[in-house]
Amino acid sequence: MSERDHKRRRKRVTIVAIAVVLVGSAGFWGLRVAHSAPSIPTAVVRRGAFTGWLDLRGQIKARQSVIIAAPYRIDNMRILKLLPNGTRVKKGELLIEFDSTQLRRDLAQNRVDLKSAQADVEQQRAKGRLTEEKDLTDVMKAKYDVQSDELDASKAEIVSQIEGDEAKLKLADARQKLAAVEAKLKADHASDAAAVKGKEQVRDKSLYQVQLDEHSLTQLTLRAPTDGMFALLSPH
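This text gives an overview of the structure that appears in the document.

The rules behind each value
- Residues numbered from 1 in each chain as written.
- Predicted model: local features only at pLDDT ≥ 70, side-chain atom pairs only at ≥ 80, totals over all residues.
- Heavy atoms only, no water.
- Helix = DSSP H or I, 4+ residues; strand = E, 2+ residues; numbered from the N terminus.
- Buried < 20%, exposed > 50% of the residue type's maximum accessible area, 1.4 Å probe, protein only.
- Areas by Shrake-Rupley, 256 points an atom, 1.4 Å probe, with all protein chains shown as cover.
- Salt bridge = Lys/Arg side-chain N within 4 Å of Asp/Glu carboxyl O.
- Contact = heavy atoms within 4.5 Å.
- 1 Å grid on protein atoms, 1.4 Å probe; cavity = no way out; pocket = protein on both sides within 12 Å on 5 of 7 lines; lining within 4 Å.
- Points joined across faces, edges and corners; volume = space filled by probe spheres on them.
- Nonpolar A, V, L, I, M, F, W, Y, C, P; charged D, E, K, R; others polar.
- Patch = residues over 30% accessible without salt bridge, like charges linked within 9 Å, V, L, I, M, F, W, Y side chains within 5 Å.
- Core = buried A, V, L, I, M, F, W, Y, C linked by side-chain atoms within 4.5 Å.
- Pairing = 2+ DSSP bridges.
- Axes fitted to C-alpha atoms, helices over the stretch in contact; angles between N-to-C directions.

1. Structural notes on the overall build of the chain
Helix and strand content of the chain: three helices and five strands. When the helices and strands of the chain are listed from N to C terminus, the series reads α-β-β-β-α-α-β-β. For the chain, with 236 residues in total, the buried portion stands at 19%. Total accessible area on the chain stands at roughly 20000 Å², and carbon and sulfur atoms take up 56% of it.

Next up, the structure:
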């Protein structure tokens, strides 16, 4: 084999060796990259609304609260309608309705009492007017008698002494009677005024009870004063 052939063989061996080295390096680098890459979980992504749930603990307080008190006269009243606790309501919506049967009976009886008391007042006033008219008549008659007796007493100088003395005594009696009937007029007026006042007090008491019953009837139906949530409060 010539020297030229020997050089060509050496060249091929060198090229093959370089190729082997290159291929080996590439395989080693690929194996290193494959072993060093991290394992990341994957998932399918879709476009849409995201809903999440959170468990929170706390206390909810109303920003504004309105207390609606039940009527004070509900000892024996039944509740006809009551919304469940926690119900959302609108303004004017019925919340509680009480039975008004007994209260309406009381109102009817109190109205009868009021009418009777008013009649007693009018009767007492009429009685007072009659008494006053009689007393005024007695006073007028007594004044007339005094004037008449004064005229007779003025004639004492021209009549006998006996007649003059009798006229003076009669005048004194007339004046005493006039003072008595005037005092009676004043006393009867005060007595009648006191009697009328007493009847008016009874009338006013009956009137107050009627007005109280009428007002209580309006409170037997409780409605929501504003929009919100209905909540029952414990009396304690």
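2. Points about the environment of A172
Its location among the elements puts A172 in helix α3 (residues 161-218). Given the relative accessible area of 40%, A172 is considered partly exposed. Counting along the chain gives 22 residues from A172 to E150, while the straight-line C-alpha distance between them is 9.2 Å.

3. A look at the pattern of salt bridges
Counted according to the given criterion, the structure contains nine salt bridges. Here D138 and K134 are joined by a salt bridge, their closest N and O atoms 3.3 Å apart. Of this pair, D138 and K134 both sit in helix α2 (residues 101-153), four residues apart, roughly one helical turn. Across the pair D188 and K184 runs a salt bridge whose closest N-O atoms are separated by 2.8 Å.

4. Digging into the side chain of S206
Note on placement: S206 falls in helix α3. Classification of S206 as buried rests on a relative accessible area of 13%. In this structure, S206 is in contact with D113, L114 and A117, ignoring residues within four places of it in sequence.

5. Quick word on the layout of surface pockets
Taken as a whole, the largest pocket encloses approximately 900 Å³ of empty space. Looking at the lining of the largest pocket, the elements that each hand over two or more residues are β3 (94-98) and β5 (228-229). The element that contributes the greatest number of residues to the lining of the largest pocket is β3, accounting for three residues. In the lining of the largest pocket, the residues fall into 21 nonpolar, four polar and three charged.

6. Structural notes on the environment of R125
Structurally, the position occupied by R125 is in helix α2. In this structure, the C-alpha to C-alpha distance between R125 and V196, residues 71 residues apart in sequence, is 6.3 Å. R125 has contacts with V196 and E200, leaving out every residue within four places of it along the chain.

7. With respect to a nonpolar patch on the surface
A cluster of nonpolar residues, I79, L82 and L232, forms a patch on the protein surface that exposes about 260 Å² of accessible area. Mapped onto the elements, I79 comes out in strand β1 (residues 79-82).

8. Section: the nonpolar core
V89, L95, I96, F98, L220 and F230 are the most contacted members of the largest nonpolar core, which totals 15 residues. Only β3, α2 and α3 provide two or more residues apiece to this core. Among the nonpolar cores identified, the runner-up in size contains 10 residues, and V139, V146, A153 and A167 belong to it.

9. Side note on the sheet that holds strand β4 (residues 221-223)
A sheet is described by the order of its strands in space; here three strands give the open sequence β1-β3-β4, paired in antiparallel fashion. Of all strands in the sheet, those with a lone pairing partner are β1 and β4, marking the two edges. Strand-to-strand twist in this sheet, taken as the mean axis angle between neighbours without regard to direction, amounts to 10°. Sheet topology places β1 next to β3; three bridges connect them, and they run antiparallel. Bridged to I79 within β3 is F98.

10. Brief notes about the pairing of β3
Within β3, four of the five residues are buried, which leaves the element mostly enclosed by the surrounding structure. Sheet topology note: the β3/β4 ladder contains three bridges and is antiparallel. By the bridge assignment for β4, L94 is matched with R223.

11. Some points on the environment of M77
Looking at the element boundaries, M77 is found in the loop between α1 (3-36) and β1. It is 9.5 Å that separates the C-alpha atoms of M77 and L220, two residues lying 143 residues apart in sequence. If we skip the residues at most four places from it in the chain, M77 touches F98, D99, L103 and L220.

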